[in-house]
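# Geometric and topological summary
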Amino acid sequence: MQIFLYYLIVLTIYVAISGYGASFNNKHSKTYQNDINLNNLLNFVIGTILLSILGFILYLLHATNLYINIIIIIFGLFLFYKNKNIKINDFLFSSLVLLLIFSGLIISKTHEDFITYHFPFIEIITNSKPILGLGRVEINYIYTPLISYFQKLFVLPNLDYKLLHVPIFLLYFSIINYLCKEIFFKNKVNLIYLFVLIFYLTKFTRLSEYGYDYLVTFFITIIIIFYVNENKNENLKINFFIYVLIFIYSLTLKNITIFFLPILLIIFFYKKKEILIELKNNFNKHLPIILFTLLLATTYILEGFLKSGCLINFIIFSCIENEKVFWSLNKIEILEISNHVKLWAKGFYHQPQGQELSKDIYMSGLNWFPNWYNIHFHYKVIEFIGILTFIFFIIFLFTLSKNNIVGKEKQISKNFIFFCLLSILIWFLIIPQLRFGSGLILSFYVFSLASIFSVNDRIFESKKYIIFIIFLSILLFNLKNITRIDDEFKRNDKYKFKNFPFISVIDYAKPSTFNQRFEKALKKRFVN
């Protein structure tokens with residue numbers, strides 16, 4: 001019964017978030033009304049961004065009453081109800097998809113950084129008045145993402161912090177939901193969508209894997225979905241500022257989004273003529289999304305500045321000196337943590353005993369590569385690439401079955417492959433951890449698939465094997481999660497399931513006890 005109630009709460013939150021996005025899109029993005037499935041995906045993305053900005057504004061206003069969060073959810077439901085594009089069959093199918101992957105949300109062990117600093121940061125912005133210089137309380141707070149302000153909106157009376165992971169999971173669900181509808185609701189199949197769907201179901205099987213780093217992969221996947229849609233459908237034109245908006249929001253999550261900039265630039269290169277014509281002839285039509293994008297960029301800069309005194313925390317010269325901004329961090333401290341992450345990513349702290357090199361020698365040239373290969377690439381990256389390659393081979397086998405390509409065959413330019421490789425090279429040389437580069441590697445495979453087999457939909461003589469492989473992936477997804485859940489009941493550490501189906505490790509935290517637990521920490525290193 002408790003699991004079913006949890007499921008209904010999650011479904012309600014999804015509907016509320018989509019309601020906010022639908023309210024914006026129905027007024028300003030009517031281009032996509034003819035594609036309800038694409039529009040629903042965009043509704044959720046826009047709703048996520050809107051509520052992240054709203055959460056930050058409420059923090060600045062010190063609006064910390066948890067009943068405000070309930071009002072926000074109820075109003076979202078009202079906006080969804082007003083959405084004229086609601087289809088009952090579409091909603092029921094979404095409910096079924098959520099049910100089929102719901103086991104992925106039930107976890108006791110979170111990702112590594114959650115308890116260390118992500119959760120304490122959410123506690124602070126939920127319960128505290130606005131604080132200047134949160135980075136001086138904990139240096140890692142300067143890297144906490146804007147989506148934290150979105151998560152804090154789901155801290156509710158009686159449930160406390162039990163729903164913090166729900167909006168993160170729903171982003172994953174929105175992608176799975178979109179891809180399933182594209183395959184099951186239509187008599188044609190897009191092999192790129194099938195590839196991504198199988199990969200997501202077999203690789204991203206549990207919520208504890210969805211650290212903020214992988215959220216970047218999710219948003220880049222959404223950008224790719226939009227671009228594939230635009231290329232296979234001549235009648236569909238995606239506003240380029242939608243791409244920019246999603247890219248900037250991804251950047252507010254993690255600085256590693258900057259590795260995807262070459263891909264965004266190549267999209268701009270192929271759309272630049274269309275963009276200039278549209279801005280010249282229909283500027284007012286695009287003005288709302290342009291202003292929305294500027295609002296997001298401003299929020300990102302302001303939020304980072306209030307935490308660290310830096311306009312953009314990964315650009316060191318944008319940090320203002322402490323003499324001018326009293327809460328700003330020391331630039332040396334920011335550089336030290338940046339260097340620490342690079343050393344960690346290249347395996348410096350996991351050198352073989354007795355063969356340790358100094359930092360300077362280890363980081364010189366490619367001296368780090370042999371150790372990094374042994375401890376990281378050999379285990380994690382090869383497995384990741386192996387899964388992608390195996391699914392790529394499955395897609396190739398489907399092209400050999402009887403099928404007809406819909407419309408004139410269209411390949412995506414091989415320039416996308418080149419820019420993906422360029423981005424992967426930058427990632428490899430700077431911060432080669434899989435969690436930071438997974439989206440780049442996935443993009444390379446997707447664009448390679450699109451270049452070789454085209455972006456066109458295909459009509460198959462029979463879809464039974466395609467449906468079989470999808471249900472097999474869903475079965476594997478659930479078997480892995482059921483096994484994991486059973487193991488988490490048997491744990492003897494702090495991550496043992498004690499409050500099933502909710503996370504137990506944060507049971508100690510109550511909004512009512514916040515001041516008692518955080519008072520000393522907040523006063524220790526700065527004056528607010």
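Heads up: the structure comes first, above all this text.
This report concerns the structure included in the present document. (Residues numbered from 1 in each chain as written. Predicted model: local features only at pLDDT ≥ 70, side-chain atom pairs only at ≥ 80, totals over all residues. Heavy atoms only, no water.)

### Section: the pattern of salt bridges
Considering all chains together, one arrives at eight salt bridges under this definition. For lysine 331, the salt bridge goes to glutamate 321, with nearest N and O atoms at 3.2 Å. In this pair, lysine 331 sits in helix α13 (residues 331-345) while glutamate 321 sits in the loop between α12 (283-308) and α13, placing the two residues 10 residues apart along the sequence. Assessed through its relative accessible area of 26%, lysine 331 is described here as partly exposed. Each of Glu230, Lys271 and Glu274 takes part in one network of salt bridges that share partners. (Salt bridge = Lys/Arg side-chain N within 4 Å of Asp/Glu carboxyl O. Helix = DSSP H or I, 4+ residues; strand = E, 2+ residues; numbered from the N terminus. Buried < 20%, exposed > 50% of the residue type's maximum accessible area, 1.4 Å probe, protein only.)

### Overview of the nonpolar core
Formed by 172 residues in total, the largest nonpolar core has its most connected members in Leu170, Tyr172, Leu194, Phe195, Tyr200 and Phe226. Discounting chain neighbours no more than four positions away, the residues touching leucine 170 are Val10, Ile13, Tyr14, Ile17, Phe44 and Leu98. Among the nonpolar cores identified, the runner-up in size contains seven residues, and Ile139, Cys310, Leu329 and Ile337 belong to it. (Core = buried A, V, L, I, M, F, W, Y, C linked by side-chain atoms within 4.5 Å. Contact = heavy atoms within 4.5 Å.)

### So, the packing of aromatic side chains
Within this structure, the stated rule accounts for 65 aromatic pairs. Taking the centre distance of 6.0 Å and the plane angle of 15° together, the rings of tyrosine 172 and tyrosine 200 count as stacked. Here tyrosine 172, found in helix α7 (residues 166-184), pairs with tyrosine 200, found in helix α8 (residues 191-203); they are 28 residues apart in sequence, far enough to count as distant. The buried category is assigned to tyrosine 172, whose relative accessible area is 0%. Here phenylalanine 199 and phenylalanine 384 contribute two aromatic rings whose centre-to-centre distance is 5.3 Å and whose plane-to-plane angle is 90°, an arrangement assigned as edge-to-face. Within this pair, whereas phenylalanine 199 is found in helix α8, its partner phenylalanine 384 is found in helix α15 (residues 369-400), the two being separated by 185 residues in sequence. Side by side, phenylalanine 199 and phenylalanine 384 carry an identical accessibility label, which is buried. Following the ring pairs from residue to residue traces out a cluster consisting of Phe169, Tyr172, Phe199, Tyr200, Phe204, Tyr214, Phe218, Phe384 and Phe477. (Phe/Tyr/Trp six-rings, centres within 6.5 Å; stacked < 30°, edge-to-face > 60°.)

### So, the pairing of strand β3 (residues 457-460)
As paired strands, strand β1 (residues 189-190) and β3 are joined by two bridges and run antiparallel to one another. Looking across to β3, one finds that valine 189 is bridged to arginine 458. Strand direction decides the pairing type here: strand β2 (residues 403-405) and β3, joined by three bridges, are antiparallel. Bridge assignment links isoleucine 405 to a residue of β3, and that residue is arginine 458. (Pairing = 2+ DSSP bridges.)

### A word on the environment of methionine 363
Mapping methionine 363 onto the fold places it in helix α14 (residues 359-363). Measuring from C-alpha to C-alpha, the distance between methionine 363 and phenylalanine 348 comes to 8.3 Å, with 15 residues separating the pair along the chain.

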